[in-house]
Amino acid sequence: MIRNVLVAIFGVMVGAAAHAADLTQAPEPAPVVETMPSFVWTGGYVGLQGGGAWLNSDLSVPGDSASEDFNGGLLGAFAGYNYQMGDWVVGIEGDVSYNWNDNSFTVFGANTEVGTDVSGSVRGRVGYTLTDRALLYGTGGWAVTRGFVDVAGAPKEKETFNGWTIGGGVDYGFSDNVFGRAEYRYNDFSDKDVGGVNVDLDQHQFTVGVGVKF
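Residues numbered from 1 in each chain as written. Predicted model: local features only at pLDDT ≥ 70, side-chain atom pairs only at ≥ 80, totals over all residues. Heavy atoms only, no water.

Next up on the list: the overall build of the chain. Summing up its helical and strand segments, the chain has one helix and nine strands in all. Ordered by position in the sequence, the α and β elements of the chain form the string α-β-β-β-β-β-β-β-β-β. Residues counted as buried form 36% of the 214 residues belonging to the chain. Residue pairs in contact within the chain that sit at least 24 positions apart in sequence constitute 62% of those at least 6 positions apart. For the chain, the exposed area adds up to about 12000 Å²; of that, 63% sits on carbon and sulfur atoms. (Helix = DSSP H or I, 4+ residues; strand = E, 2+ residues; numbered from the N terminus. Buried < 20%, exposed > 50% of the residue type's maximum accessible area, 1.4 Å probe, protein only. Contact = heavy atoms within 4.5 Å. Areas by Shrake-Rupley, 256 points an atom, 1.4 Å probe, with all protein chains shown as cover.)

Okay, structure coming up:
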């Protein structure tokens, strides 16, 4: 009799334990912690750049025309602001440079010096982050330069040429605040009449630079 009672009690205890195990909830998974990138492009920046420029000048007067290519260096500064959205970066940038790309040659039987000196641009930028620190971007907008024609025996004429620019490049963050840059741009400065000569200017330029973001 006692043995039967003990067996019954043991059976009830085993069943209760099994039922309790069924009611035990599985532990909730640990929350996923998103890791923030170690480097972000959002913010303002300034920098210096230098490189080479290849300027083409098409000159024409009624009944005659000429075309000359000449190369030179440039040195300047840039400033802008970026805003990063995930892997994409948008921004605006301006720059100003001094160009050493004037040349002397004979046009229409007279010694003539043609070139540009000061140039600049205001551009939009759209980029994609290849890594946290490498930004591949395209850029385009308004471009301006001051051109001149100096014909022997005549006053030196200067004019401001307005046009457009397009290009692209790569920015790379060396540290949280310092980045390097390599960029190519094509500048079409359009044409103007300078000293009775129609001057049409376009330019290829390649620059490298270093900037500080804040």
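There's plenty left to go through after this.
What follows covers the packing of aromatic side chains. The geometry of an aromatic ring pair comes down to the distance between the two centres and the angle between the two planes. Inspection of every chain in the model, using the stated rule, returns nine aromatic pairs. When the centroid spacing of 6.5 Å and the interplanar angle of 50° are considered together, the rings of F78 and F179 count as tilted. Of this pair, F78 sits in strand β2 (residues 64–85) while F179 sits in strand β8 (residues 178–194); the two residues are 101 residues apart in sequence, bridging distant segments of the chain. You'll find F78 and F179 in the same group, each marked buried. Following the ring pairs from residue to residue traces out a cluster consisting of F39, W41, Y45, F78 and F179. Looking at K213, its charged tip hangs above the ring of F39, at a distance of 4.9 Å from the centre. (Phe/Tyr/Trp six-rings, centres within 6.5 Å; stacked < 30°, edge-to-face > 60°. Lys NZ or Arg CZ within 6 Å of the ring centre and 35° of its normal.)

Here the focus is the pairing of β8. In terms of strand pairing, strand β7 (residues 157–173) meets β8 through 10 bridges, oriented antiparallel. Among the inter-strand pairings, I166 is bridged to a residue of β8, identified as Y186. Taking the residues between adjacent antiparallel strands as the criterion, β7 and β8 are bridged by four residues. Sheet topology note: the β8/strand β9 (residues 197–213) ladder contains 16 bridges and is antiparallel. Within β9, the position partnered with V178 by the bridge is V212. (Pairing = 2+ DSSP bridges.)

Next up on the list: the nonpolar core. Counting 13 residues, the largest nonpolar core has L59, V114, F161, V199 and L201 as its most contacted members. For this core, the secondary-structure elements that each account for two or more residues are β1 (43–61), β6 (134–151), β8 and β9. When residues in this core are grouped by element, the largest group, three residues, is from β9. Aside from chain neighbours lying at most four places away, what touches V114 is S57, L59, F70, N101, D102, N103, F105, F148 and V149. (Core = buried A, V, L, I, M, F, W, Y, C linked by side-chain atoms within 4.5 Å.)

So, on to the environment of S67. Inspection of the secondary structure puts S67 in strand β2. A relative accessible area of 44% means that S67 is categorised as partly exposed. In sequence terms S67 and N56 are 11 residues apart; their C-alpha atoms lie 7.3 Å from each other. Contact partners of S67, with chain neighbours within four places excluded, come to N56, S57 and D58. Within the local environment of S67, its side chain forms a polar contact with the side chain of N56, the two groups lying 3.3 Å apart. (Polar contact = N/O pair within 3.5 Å; in protein donor to acceptor, adjacent residues only side chain to side chain.)

Phi angles above zero are rare outside glycine, and S190 is one such case at about 70°. Of note, S190 is situated in strand β8. Exposure remark for S190: the relative accessible area of 31% places this residue in the partly exposed category.

For the chain, the mean per-residue pLDDT works out to 84, and 81% of the residues sit at or above 70. No element of the chain has a lower mean pLDDT than helix α1 (residues 2–23), which averages 49, and none a higher one than strand β3 (residues 88–100), which averages 97. (pLDDT = per-residue confidence, 0-100.)

For the coordinates displayed, the defined rule picks out 11 salt bridges. For D95, the salt bridge is made with R123, and the minimal N-O distance between the two is 3.1 Å. Taken together, the residues D95 in strand β3 and R123 in strand β5 (residues 110–129) connect sequence positions 28 residues apart. A single burial state applies to D95 and to R123, both of which are buried. D95 is paired through a salt bridge with R185; the nearest N and O atoms lie 3.6 Å apart. Taken as a pair, D95 in strand β3 and R185 in strand β8 lie far apart in primary sequence, 90 residues in all. Given the relative accessible area of 10%, D95 is considered buried. Members of the salt-bridge network, linked through shared partners, are E93, D95, R123, R125, D171, R181, E183 and R185. (Salt bridge = Lys/Arg side-chain N within 4 Å of Asp/Glu carboxyl O.)

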